[in-house]
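So the chains spell out like this:
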Amino acid sequence: MLALHQVHKTFNTPQGVLPVLSGIDLTLQAGESLALMGESGSGKSTLLHLAAGLDVPDRGQIIFADHDLATLDEAERARLRRQQLGLVFQQFHLVPSLNVIDNLRLQARLANREDAKWSAHLVKRLGLSGRERYFPEQLSGGQQQRLAIGRALAVRPSLLLADEPTGNLDEQSADTVLELLLELVAETRCALLMVTHSARVAKPLNRVARLHRGQLQDAPT
Ligand SMILES: Nc1ncnc2c1ncn2[C@@H]1O[C@H](COP(=O)(O)OP(=O)(O)O)[C@@H](O)[C@H]1O
Ligand SMILES: [Mg+2]
């Protein structure tokens, strides 16, 4: 499903070259869930961006859905992302001028994978029935993030990448959102790679890996 082989990534900064990832090996099987942990600045978001093909490694290989990302150009990577990948960030990144149902369908439309029945089912599962015509600003933070999760899953991706998806929510909304995320991931049988700094959030996932000084260490759940 997803495999990283000896992935290296540095950034050029005014202070010089900053090594962030120094030889990352990581494999995620179809349907498997992994929590990616590590202190702030350890490179978790960088790793996620590379896995999503939003950035390219200095060296090393990234295979996603049987494609070596290095062999694809930017347009092909974008196409693969639209068709096979769901992305959820700490900031919800909803389109403010689109209502709930249009936000939900937007990505699926772009990917030519619209499924009205599945969208309708998602609205119900997200707890947003009756709010289909609401705009994001009329929703609570938890509702907005549920919508962002629904949007990511509307295309039935094979992999969901989530970067601290509950980081902007109070503990109670975070729990509800996380529970829903895990239920929908199980329902769609997609794989999950979720960045979190919370051991509590990591616990229900199959595996935990920890980033430290550019290296990945398997850690107990
Ligand atoms: N585009 C960039 N240019 C320069 N430095 C960056 C860039 N993106 C991230 N970094 C740096 O790389 C390190 C890892 O960042 P990040 O992956 O966001 O960490 P995390 O998500 O684990 O908090 C940090 O020191 C950050 O400042
Ligand atoms: Mg981050």
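Structure: see above.
Please read all numbers here as calculations on a predicted model, not as lab measurements.

### Section: the pattern of salt bridges
Right, on to step 1. Evaluated as defined, the whole model comprises seven salt bridges.
Right, on to step 2. A salt bridge links Asp-55 to Lys-9, with the nearest nitrogen and oxygen atoms 3.3 Å apart. Taken together, the positions of Asp-55 in the loop between helix H1 (44–51) and strand S4 (59–64) and Lys-9 in strand S1 (residues 2–13) put the pair 46 residues apart, joining distant regions of the chain.
Right, on to step 3. Its relative accessible area of 26% is what places Asp-55 among the partly exposed residues.
Right, on to step 4. On the basis of relative accessible area, Lys-9 is assigned to the buried category, the value being 7%.

### Focus: helix H5 (residues 141–153)
Right, on to step 1. With 13 residues, H5 extends 18 Å from end C-alpha to end C-alpha; this agrees with the ideal 18 Å at 1.5 Å per step.
Right, on to step 2. H5 sits mainly inside the fold: 12 of its 13 residues count as buried.
Right, on to step 3. For H5, every residue scored as buried is listed here: Gly-142, Gln-143, Gln-144, Gln-145, Arg-146, Leu-147, Ala-148, Ile-149, Gly-150, Arg-151, Ala-152 and Leu-153.
Right, on to step 4. Of the surrounding secondary structure, the elements contacted by the buried residues of H5 are strand S6 (85–88), helix H3 (100–110), helix H4 (116–125), strand S7 (159–163) and helix H6 (171–188).

### Description of the side chain of Asn-103
Right, on to step 1. Along the polypeptide, Asn-103 turns up in helix H3.
Right, on to step 2. You can call Asn-103 buried: its relative accessible area is 0%.
Right, on to step 3. Ignoring any residue separated from it by four or fewer positions in sequence, one finds Asn-103 in contact with Leu-94, Val-95, Leu-98, Pro-136, Leu-147 and Arg-151.

### Here's the deal with the site of ligand 1
Right, on to step 1. The environment of ligand 1 is formed by Phe-11, Leu-18, Val-20, Glu-39, Ser-40, Gly-41, Ser-42, Gly-43, Lys-44, Ser-45 and Thr-46.
Right, on to step 2. Residue Gly-41 places a main-chain N or O atom 2.7 Å away from an oxygen atom belonging to ligand 1.
Right, on to step 3. Note that an oxygen atom of ligand 1 is positioned 3.0 Å from one of the backbone N or O atoms of Gly-43.
Right, on to step 4. Relative to its unbound accessible surface of 560 Å², ligand 1 loses 60% to contact with the protein.

### As for H3
Right, on to step 1. Considered for burial, the residues of H3 that qualify are Val-100, Ile-101, Asn-103, Leu-104 and Ala-108.
Right, on to step 2. Of the surrounding elements, those touching the buried residues of H3 are H4 and H5.
Right, on to step 3. Regarding H3, its N-cap is Asn-99, as a side-chain oxygen of that residue lies 3.2 Å from the backbone nitrogen of Ile-101 further along.

### Considering the packing of H4 against H6
Right, on to step 1. The geometry of H4 relative to H6 is characterised by a closest axis approach of 12 Å and an angle of 150 degrees between their N-to-C directions. Judged on the interaxial angle alone, H6 and H4 are roughly antiparallel. Classified by chirality, the crossing of H6 by H4 is right-handed. The residues of H6 that touch H4, namely those facing Trp-118, His-121, Leu-122 and Arg-125, are Leu-180, Glu-183, Leu-184, Glu-187 and Thr-188.
Right, on to step 2. Classifying every residue of the contact of H4 with H6 by side-chain character gives four nonpolar, two polar and three charged.

Reading the values: the criteria
Residues numbered from 1 in each chain as written. Chains lettered and ligands numbered in written order. Predicted model: local features only at pLDDT ≥ 70, side-chain atom pairs only at ≥ 80, totals over all residues. Heavy atoms only, no water. Salt bridge = Lys/Arg side-chain N within 4 Å of Asp/Glu carboxyl O. Helix = DSSP H or I, 4+ residues; strand = E, 2+ residues; numbered from the N terminus. Buried < 20%, exposed > 50% of the residue type's maximum accessible area, 1.4 Å probe, protein only. Expected span 1.5 Å × (residues − 1). Contact = heavy atoms within 4.5 Å. Near = heavy atom within 4 Å. Polar contact = N/O pair within 3.5 Å; in protein donor to acceptor, adjacent residues only side chain to side chain. Areas by Shrake-Rupley, 256 points an atom, 1.4 Å probe, with all protein chains shown as cover. Axes fitted to C-alpha atoms, helices over the stretch in contact; angles between N-to-C directions. Parallel < 35°, antiparallel > 145°, perpendicular 65-115°, else oblique. Left-handed = near helix turned anticlockwise from the far one by under 90°. Nonpolar A, V, L, I, M, F, W, Y, C, P; charged D, E, K, R; others polar.

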